[in-house]
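Fold and contact review
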Amino acid sequence: MTVEPADSPATLYGPASAFLGVIGVVSAVFAGYIGAAIPVLAGVLAVTFGLLGLGRGLSRPACLVGTITGALSVLYPLFLMSLVTA
């Protein structure tokens, strides 16, 4: 396992993932009003950054929170759209 320097940009994968995941979940609640693009985009970025951070082993709790909330922010609007179209 490689050790990244403390000032590496990779150390921001966890906080960025958690931030985007929370933004995605909050905007997913209002997906009926603002559309599904914002929560899906934030969720996909949160999952991507979370998985990159988990792969590097940096700030695991924040990466895990970002990955889970990002996945929820992608799945919730898709679930709502499937209910409306059915």
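Now for a description of the structure that goes with this document. (Residues numbered from 1 in each chain as written. Predicted model: local features only at pLDDT ≥ 70, side-chain atom pairs only at ≥ 80, totals over all residues. Heavy atoms only, no water.)

**A short note on the environment of Leu41**
With respect to the element layout, Leu41 can be found in helix 3 (residues 37–56). With a relative accessible area of 55%, Leu41 lands in the exposed category. The spacing of Leu41 and Leu51 is 10 residues in sequence and 16 Å in space, taken between C-alpha atoms. (Helix = DSSP H or I, 4+ residues; strand = E, 2+ residues; numbered from the N terminus. Buried < 20%, exposed > 50% of the residue type's maximum accessible area, 1.4 Å probe, protein only.)

**Section: helix 1 (residues 13–29)**
The end-to-end C-alpha distance of helix 1, which contains 17 residues, comes to 24 Å, matching closely the 24 Å that a straight helix rising 1.5 Å per residue would cover. For helix 1, the full list of buried residues reads Tyr13, Gly14, Ser17, Ala18, Leu20, Gly21, Gly24, Ser27 and Ala28. (Expected span 1.5 Å × (residues − 1).)

**Comments concerning the side chain of Ser17**
Position of Ser17 relative to the elements: it lies in helix 1. Overall, the relative accessible area of 0% leaves Ser17 in the buried class. Of the polar contacts made by the side chain of Ser17, one reaches the backbone oxygen of Ala46; its length is 2.8 Å. Filtering out sequence-adjacent residues up to four positions away, Ser17 remains in contact with Ala46, Phe49, Gly50, Ala62, Cys63, Gly66 and Thr67. (Polar contact = N/O pair within 3.5 Å; in protein donor to acceptor, adjacent residues only side chain to side chain. Contact = heavy atoms within 4.5 Å.)

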